[in-house]
Amino acid sequence: MTAPFIFDVHLDLSMNAMEWNRDIRLPQVEIRRREIGMSDLPDRTRNTVCLPEMRRGRIGLCVATQIARYSGRFSKLPGWQSPEQAWAQTQGQLAWYRTMEDCGELVQLRTWPEVEAHVARWRSATDEEAAKLPIGYLLSLEGADSILSWKHLEKSKTDGLIAMGPVHYGPGIYGHGTDDEGVLTPKGRELLKEMERLGIVLDVTHLCDESFWDALAHYNGPLWASHHNCRALANWNRQLADDQIKALIDRGAVIGMAFDAIMMVHGWAHKRSMPQDFGLKMEKICEHIDHICQIAGNARHVGIGTDLDGGYGTEQTPMDLDSIADLQTLVQPLLRRGYAPEDVENIFSGNFLGFLREHLQ
Ligand SMILES: [Zn+2]
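This text gives an overview of the structure that appears in the document. (Residues numbered from 1 in each chain as written. Predicted model: local features only at pLDDT ≥ 70, side-chain atom pairs only at ≥ 80, totals over all residues. Heavy atoms only, no water.)

1. As for the pattern of salt bridges
A full pass over the atoms with the stated rule returns 23 salt bridges. Residues arginine 34 and glutamate 30 are paired through a salt bridge, measuring 2.7 Å at the closest nitrogen-oxygen approach. With arginine 34 and glutamate 30 both in helix H2 (residues 28-34) and 4 residues apart, the pair spans about one turn of that helix. The shortest N-O distance in the salt bridge between glutamate 105 and arginine 55 comes to 3.0 Å. With glutamate 105 in the loop between helix H4 (83-102) and strand S3 (106-108) and arginine 55 in helix H3 (residues 51-56), this residue pair connects regions lying 50 residues apart in the sequence. Take glutamate 105: its relative accessible area is 17%, and that puts it in the buried class. Three or more residues are tied together by salt bridges with common partners; here these are Arg22, Glu35, Asp40, Asp43 and Arg44. (Salt bridge = Lys/Arg side-chain N within 4 Å of Asp/Glu carboxyl O. Helix = DSSP H or I, 4+ residues; strand = E, 2+ residues; numbered from the N terminus. Buried < 20%, exposed > 50% of the residue type's maximum accessible area, 1.4 Å probe, protein only.)

See the structure below:
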């Protein structure tokens, strides 16, 4: 089969531009060269995502985040000192997306017909043509601490926000995230009502178990898990337990497979483990894909949500993943495992596209 089109449902493009100070229009080798000697962040010189590599790997469409956490006195995690600062940060990130649209690097998509036309353009492009095409993005918000009021949520919707996760790590204004516990706050339940009213997809990724079940009980709109692997294969509350996977499938959700090593294997020690310690290769993700497909009884609920620019580089990715374009090397392992070419297409883009066809307003 020819190189399939890929829809990556979780990338933090603007965070990389505005906080990591990367000009991701540049070739990967140049971004890495400019970071030689820098030690402020663990992934310096080891980035795997930039726009030229996305084009080379046929990742012509993504869900791109705004992300800004509030860490008041109640949290030890890094973050902004006030929700107002967090809001302003997300607006700066939005300004970067707009600037990239102005220079033809990105194009924002808001409706299903726009997405459909964009994907058709990419699918019919030669490699040479694809190297010059704008990458499509749909806007999401990872962690809702920055939503100061329902007016702010409405503004975000007007700006094209299609999906949102109420929490990130630890405690938040609207609920409890990874490594924390507790149900949604009263404001969190109100948030879900407002999201439902505005037709914003609930992204369950990062909800702790109690907030996850609380959210499913109180939200009736469409939901997905943008970057989320299986707890049965990587035992940490960050991943989905089997009963959660089952509940998501029953609600018609699609789950995006992440390539952060910490989410792929049992026993990864943050900032200490290396991919070599586990002999970790990309093919490991096929086990996560298989696990979900076995629970579902089909291959219609898995997609790609790499999270590859989520604050780590090759020190925390499979050994054979140097660039996001390497996603294409997963085709053969999937075919070898008995997936039909049509299943591979669905996992790489079709399942999340089908979700958008059904739910994008
Ligand atoms: Zn995340």
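There's more to say after this.
2. Focus on H4
Taking 1.5 Å as the rise per residue, H4 with 20 residues should run 28 Å; its terminal C-alpha atoms sit 29 Å apart, in good agreement. If you check which residues of H4 are buried, you get Pro83, Ala86, Trp87, Gln89, Thr90, Gln91, Gln93, Leu94, Trp96, Tyr97 and Met100. Among the structural elements, helix H1 (13-18), strand S2 (61-66), S3, strand S4 (135-142) and helix H7 (150-158) are those in contact with the buried residues of H4. Phi for glycine 104, located one or two positions after H4, is positive at around 80 degrees. (Expected span 1.5 Å × (residues − 1). Contact = heavy atoms within 4.5 Å.)

3. Some remarks on helix H8 (residues 186-198)
Helix length check: H8 (13 residues) gives 19 Å between terminal C-alpha atoms against 18 Å at 1.5 Å per residue, within 8%. Turning to H8, its buried residues are Gly188, Leu191, Leu192, Glu194, Met195 and Leu198. Viewed along the axis of H8, the buried residues span an arc of 165 degrees, placing them on a single side of the element. Residues of H8 that are exposed and point over 90 degrees away from its buried face: Pro186 and Lys193. (Arc of directions from axis to C-beta.)

4. Concerning the pairing of strand S5 (residues 161-165)
Counting buried positions over the 5 residues of S5 gives 5, a clear majority of the element. One ladder, built from 4 bridges, connects S4 with S5; its direction is parallel. Pairing of glutamate 142 across the sheet is with glycine 165, part of S5. Pairing of S5 with strand S6 (residues 201-203) involves 2 bridges; the strand directions are parallel. When the bridges of S6 are listed, methionine 164 appears paired with leucine 202. Once the chain exits S5 it traverses H8 before rejoining the sheet at S6, and the crossover so formed is right-handed. (Pairing = 2+ DSSP bridges. Right-handed = clockwise from strand over helix to strand, strands pointing away.)

5. Thoughts on unusual backbone geometry
A positive phi angle, near 65 degrees, is found at threonine 45, a position not held by glycine. For threonine 45, the location among the structural elements is in the loop between H2 and H3. One non-glycine residue, aspartate 307, lies in the positive phi region at around 60 degrees. Relative to the elements of secondary structure, aspartate 307 occurs in the loop between strand S9 (302-304) and helix H13 (331-336).

6. Considering the pairing of S2
Most of S2 is tucked away: 6 of the 6 residues are buried. Residues Leu61, Val63 and Thr65 of S2 are buried on one face, and the alternating residues Cys62, Ala64 and Gln66, pointing to the opposite face, are buried as well. Strand direction decides the pairing type here: strand S1 (residues 7-11) and S2, joined by 3 bridges, are parallel. Its bridge partner being in S2, phenylalanine 7 is matched across the sheet by leucine 61. Across 6 bridges, the pairing between S2 and S4 is parallel. For glutamine 66, the partnering residue across the bridge sits in S4 and is leucine 141.

7. Description of the side chain of serine 14
Residue position: serine 14 is located in helix H1. Exposure remark for serine 14: the relative accessible area of 0% places this residue in the buried category. Ignoring anything within four residues of it in the chain, the contact list for serine 14 reads Glu19, Thr65, Gln93, Trp96 and Tyr97.

8. Details of the packing of H7 against H8
Two packed helices can be described by the angle between their axes and the distance between those axes. Orientation of H7 relative to H8, taken along the N-to-C sense of each, is 35 degrees, at an axis distance of 11 Å. Where H7 crosses over H8, the two elements pack in a sense that is right-handed. On H8, the residues touching Trp150, Leu153, Glu154 and Lys157 of H7 are Lys187, Glu190, Leu191, Glu194, Met195, Arg197 and Leu198. Split by residue class, the contact of H7 with H8 holds 5 nonpolar, no polar and 6 charged. (Axes fitted to C-alpha atoms, helices over the stretch in contact; angles between N-to-C directions. Left-handed = near helix turned anticlockwise from the far one by under 90°. Nonpolar A, V, L, I, M, F, W, Y, C, P; charged D, E, K, R; others polar.)

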